Amino acid sequence: MAAAGGVLVFRLSCLFAAFAAACPLDAGMLFPRESSSRERKELSGLWSFRADMSPSRNQGFLGAWYKQRLAETGPVIDMPVPASYNDITQDPKLRDFIGWVWYERETVVPTRWIADEGTRIVLRVGSAHYYSVVWVNGVKVTEHKGGHLPFEAEIGDVLRKDPTQPCRITIAVNNTLSLDTLPPGSIKHMTDRTKYPDGYFVQSIFFDFFNYAGIHRSVLLYTTPKAYVDDITVVTSFLDNTGLVQYKVSVRGASSAALSVTLMDKNGRCVASSSEPAGVLKVIDVNLWWPYLMHENPGYLYSMEVRLKAADGKSEDVYALPVGIRTVSVTSTQFLINNKPFYFHGVNKHEDSDIRGKGFDWPLVVKDFNLLKWLGANSFRTSHYPYAEEILQMCDRHGIVVIDECPGVGIKDILSFGNASLTHHLVVMDELVRRDKNHPSVVMWSVANEPAAEMPPADFYFKTVIQHTKALDPTRPVTFVTDSNYARDKGAPYVDVICVNSYLSWYHDSGHVELIALQLNTQFENWYGKYKKPIIQSEYGADTVPGLHSDPPVMFTEEYQNIVLKNYHKVFDEKRKQYVIGELIWNFADFMTSQGVLRVVGNKKGVFTRQRQPKAAAFILKERYWRLANDTGRLPPWTKYPCSF
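In what follows, the accompanying structure is described. (Residues numbered from 1 in each chain as written. Predicted model: local features only at pLDDT ≥ 70, side-chain atom pairs only at ≥ 80, totals over all residues. Heavy atoms only, no water.)

Turning to the pairing of strand S17 (residues 257-264), a few remarks are in order. Judged from the eight bridges that link them, S17 and strand S20 (residues 302-310) form a sheet pairing that is antiparallel. Note on S20: the bridge partner recorded for Ala 258 is Lys 309. Sheet analysis places S17 next to strand S18 (residues 270-274), joined by four bridges and oriented antiparallel. Among the inter-strand pairings, Leu 263 is bridged to a residue of S18, identified as Ala 272. Here S17 folds back onto S18 in antiparallel fashion, the turn holding five residues, of which Gly 268 has a positive phi close to 80 degrees. (Pairing = 2+ DSSP bridges. Helix = DSSP H or I, 4+ residues; strand = E, 2+ residues; numbered from the N terminus.)

Encoded structure:
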């Protein structure tokens with residue numbers, strides 16, 4: 001037993017060393033949490049807003065709008081943050097606007113923050129789509145490329161130059177997509193003056209959701225001492241009833257400091273401790289982190305409290321990180337969590353709702369989690385971009401398993417496989433892993449969705465991205481989601497799990513549900529026969545207009561969505577006994593898309609409406625998902641039947 005434990009600790013140490021060595025980013029991105037040494041000031045609410053409607057979209061930079069109050073540059077309107085700006089007004093030009101928009105907010109910073117030069121003051125933006133430039137009191141403090149991950153800047157020195165000034169924050173955001181952004185897009189300039197006015201252009205996108213834009217997540221100020229905990233990395237495992245937490249703490253602002261690391265259970269009882277910046281904490285009688293409906297006590301979290309005391313003894317920093325102890329592994333036919341087979345029965349989602357667009361909204365998040373649990377869903381994919389950190393924290397607490405996807409959707413043009421695109425894709429994966437590496441709910445990384453993986457450059461491109469991601473985090477499997485022909489797919493040889501999207505009887509052989517079983521069986525046999533890797537049906541479904549009925553079923557009716565799902569489910573039940581490890585419906589809820597003849601006010605494949613009301617298919621899924629959970633035989637008696645949440 002002792003020898004086995006030593007081997008496990010050694011293996012864990014090797015994985016951790018690879019994890020720590022691979023991350024090229026030079027700073028951490030810990031979620032801002034209040035503690036005895038850290039404070040937060042939320043800046044959510046109304047900001048001043050102005051879109052640069054000039055033909056070049058560059059008037060704001062030429063006129064240096066950031067050097068003065070935005071209202072002094074021209075007309076401004078109120079704009080809520082967080083929210084997409086597109087659906088807030090009645091102006092169609094703003095709904096479909098492409099280019100630079102400008103946000104401004106003045107706030108009062110507590111005097112003690114300014115007076116104490118031993119206090120770091122950090123401005124953090126949860127996400128802004130797509131390219132952002134930030135100024136404080138007219139001084140540029142940072143810029144960021146990418147629409148779904150956080151960025152921040154220290155601003156204490158700027159504020160202390162003139163402590164009598166309020167803190168004026170200006171953020172310029174540009175939603176233009178090009179062939180080397182993630183997701184990609186292109187600008188098409190219309191030159192036929194018989195049809196289009198001078199300077200007319202459109203943004204082309206290669207994905208099926210609305211290109212919402214603006215500041216989508218919280219903006220806040222937070223503080224730390226000058227000597228502070230910059231980053232924490234944990235890798236967990238267990239042997240019998242002993243949990244193992246391999247950790248590393250990164251410190252900034254001090255050449256030497258005293259550390260104490262304390263791991264506490266839910267009752268606040270210390271279960272392990274250390275005074276080293278890196279090591280292994282052993283937890284006797286460990287409570288493992290289990291998925292929802294896989295255990296009577298899902299989502300168990302410990303708290304790792306790190307205390308840093310600078311050598312001069314004048315400052316102390318305290319940071320508490322939630323820790324779930326669990327393992328993830330993959331065989332040729334199974335996905336294992338804590339060495340037990342796990343079957344994904346869940347959904348794909350979007351950060352999307354009426355009025356708010358992609359703006360983070362707590363009531364909506366809580367409603368969605370209640371619906372997930374009502375449905376009996378144990379998992380979802382963050383299609384097609386990283387979701388807000390608060391959503392992953394909810395997943396950690398509730399035991400909802402996550403496939404964490406980067407915004408690599410719509411990579412269709414051969415020019416999107418060039419060096420600039422690849423370099424940016426690698427940076428995005430760096431940022432994603434850095435942000436989400438410690439979430440126990442995140443069990444797999446997805447590096448792309450439905451790329452043109454059959455193109456010649458795709459082999460080198462995806463081999464590089466996948467291998468880079470595995471080097472960043474060797475503890476989690478990697479996938480990408482494909483709709484390509486199994487024989488031509490360039491990424492499948494390098495992933496750990498095959499994720500396949502197919503819409504049988506919808507986009508081809510439309511209306512012919514009798515072909516689903518044959519074609520789906522052929523799909524699975526071809527993919528598994530070639531690659532011998534477990535398969536997730538990562539998308540399937542049918543557009544459904546709520547309240548539209550027909551018998552016999554025809555497309556777009558609720559009856560048709562039901563019959564499509566039932567035909568898929570028959571094949572899933574056969575193949576899950578072999579190598580199919582999951583099914584994720586497309587989609588959880590209806591969502592907005594660009595206007596087009598194939599979309600009637602958005603994509604209607606949701607089993608819930610955009611307002612979160614169930615269609616008939618939601619009840620089909622509910623019955624199925626609870627049956628799948630009950631079939632495992634690992635549930636306590638009180639969960640044998642669906643219950644209300």
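That shown, we press on.
Glancing now at the side chain of His 424. Among the structural elements, His 424 can be located in helix H8 (residues 419-436). If we ignore the near neighbours within four places in the chain, the residues touching His 424 are Tyr 130, Lys 145, Asp 180, Thr 181 and Leu 182. (Contact = heavy atoms within 4.5 Å.)

Strand order across the open sheet formed by three strands is S22-S23-S24, with antiparallel pairing between neighbours. Each having just a single partner strand, strand S22 (328-330) and strand S24 (340-341) make up the two edges of the open sheet. Looking at chain direction, strand S23 (residues 335-337) and S24 are connected through two bridges and run antiparallel. Following the sheet pairing, Leu 336 is matched in S24 by Pro 341.

Where nonpolar side chains cluster on the molecular surface, the patch consists of Val 545, Leu 548 and Phe 556 and spans about 220 Å² of accessible area. Structurally, Val 545 can be placed in the loop between strand S31 (535-539) and helix H11 (558-575). (Patch = residues over 30% accessible without salt bridge, like charges linked within 9 Å, V, L, I, M, F, W, Y side chains within 5 Å. Areas by Shrake-Rupley, 256 points an atom, 1.4 Å probe, with all protein chains shown as cover. Salt bridge = Lys/Arg side-chain N within 4 Å of Asp/Glu carboxyl O.)

On to unusual backbone geometry, then. In this structure, the amide linkage connecting Val 81 to the following residue, Pro 82, adopts the cis form with an omega of 5 degrees. The linkage connecting Asp 551 with the following residue, Pro 552, adopts the cis geometry, with an omega of 5 degrees. One can find Pro 552 in the loop between S31 and H11. Within the chain, Arg 57 stands out as a residue other than glycine whose phi angle is a positive 60 degrees. Following the sequence through the fold, Arg 57 ends up in the loop between strand S2 (45-51) and helix H2 (59-62). Although it is not a glycine, Asp 240 sits at a positive phi angle of roughly 55 degrees. On the secondary structure map, Asp 240 appears in the loop between strand S15 (228-239) and strand S16 (242-252).

Attention now goes to the side chain of His 569. Here His 569 lies in helix H11. A distance of 2.9 Å separates a polar atom in the side chain of His 569 from a polar atom in the side chain of Tyr 540. Apart from residues lying up to four places away in sequence, His 569 is in contact with Tyr 540, Glu 583, Ile 620, Leu 621 and Arg 624. (Polar contact = N/O pair within 3.5 Å; in protein donor to acceptor, adjacent residues only side chain to side chain.)

Throughout the structure, instances matching the rule amount to 39 salt bridges. Arg 40 is the salt-bridge partner of Glu 42, the closest N and O atoms lying 2.1 Å from each other. The exposure class assigned to Glu 42 is partly exposed, which follows from its relative accessible area of 38%. A salt bridge links Asp 496 to Lys 470; the shortest N-O distance between them is 3.3 Å. Taken together, the residues span a long stretch of sequence, with Asp 496 in the loop between strand S29 (478-482) and strand S30 (498-501) and Lys 470 in helix H9 (residues 458-472) at a distance of 26 residues. Assessed through its relative accessible area of 24%, Asp 496 is described here as partly exposed. (Buried < 20%, exposed > 50% of the residue type's maximum accessible area, 1.4 Å probe, protein only.)

Take helix H6 (residues 362-375) next. With 14 residues, H6 ought to run about 20 Å at 1.5 Å a step, and its terminal C-alpha atoms sit 20 Å apart, in line with that. Where H6 is buried, its residues meet strand S25 (344-348), strand S26 (379-381), helix H7 (389-398) and helix H12 (616-631). One side-chain oxygen of the residue at the start of H6 lies 3.1 Å from the amide nitrogen of Leu 364, identifying that residue as Asp 361. Backbone geometry just after H6 places Gly 376 at a positive phi near 85 degrees. (Expected span 1.5 Å × (residues − 1).)

By size, the foremost hydrophobic cluster in this structure holds 91 residues, and its most contacted members are Phe 380, Val 447, Phe 462 and Phe 608. Sorting elements by how many residues they give to this core places H12 first, with seven residues. Phe 31, Trp 290, Tyr 319 and Val 497 belong to the second-largest nonpolar core, a separate cluster that totals 48 residues. (Core = buried A, V, L, I, M, F, W, Y, C linked by side-chain atoms within 4.5 Å.)

Bringing the environment of Leu 565 into the picture now. Mapped onto the secondary structure, Leu 565 falls in helix H11. Sequence separation between Leu 565 and Leu 621 is 56 residues; the distance between their C-alpha atoms is 8.3 Å. Not counting the four nearest positions on each side in its chain, Leu 565 is found in contact with Tyr 540, Ile 585, Ala 617 and Leu 621.

Once that is clear, we can look at the sheet that holds strand S4 (residues 100-107). The strand order across the open sheet built from six strands is S3-S2-S4-S10-S7-S8, with neighbouring strands paired in antiparallel fashion. Two strands bound the open sheet, and with one partner strand each, they are strand S3 (77-81) and strand S8 (139-145). Neighbour-to-neighbour, the strand axes of this sheet turn through a mean angle of 30 degrees, independent of strand direction. As defined by bridge partners, strand S7 (residues 131-136) adjoins S8 across six bridges and the pair is classed as antiparallel. For Ser 132, the partnering residue across the bridge sits in S8 and is His 144. (Axes fitted to C-alpha atoms, helices over the stretch in contact; angles between N-to-C directions.)

Below, the discussion takes up the environment of Ala 278. In this fold, Ala 278 is placed in strand S19 (residues 278-284). With 16 residues separating them in the primary sequence, Ala 278 and Thr 262 have C-alpha atoms 12 Å apart. Those residues in contact with Ala 278, other than ones at most four positions away along the chain, are Tyr 247 and Lys 248.

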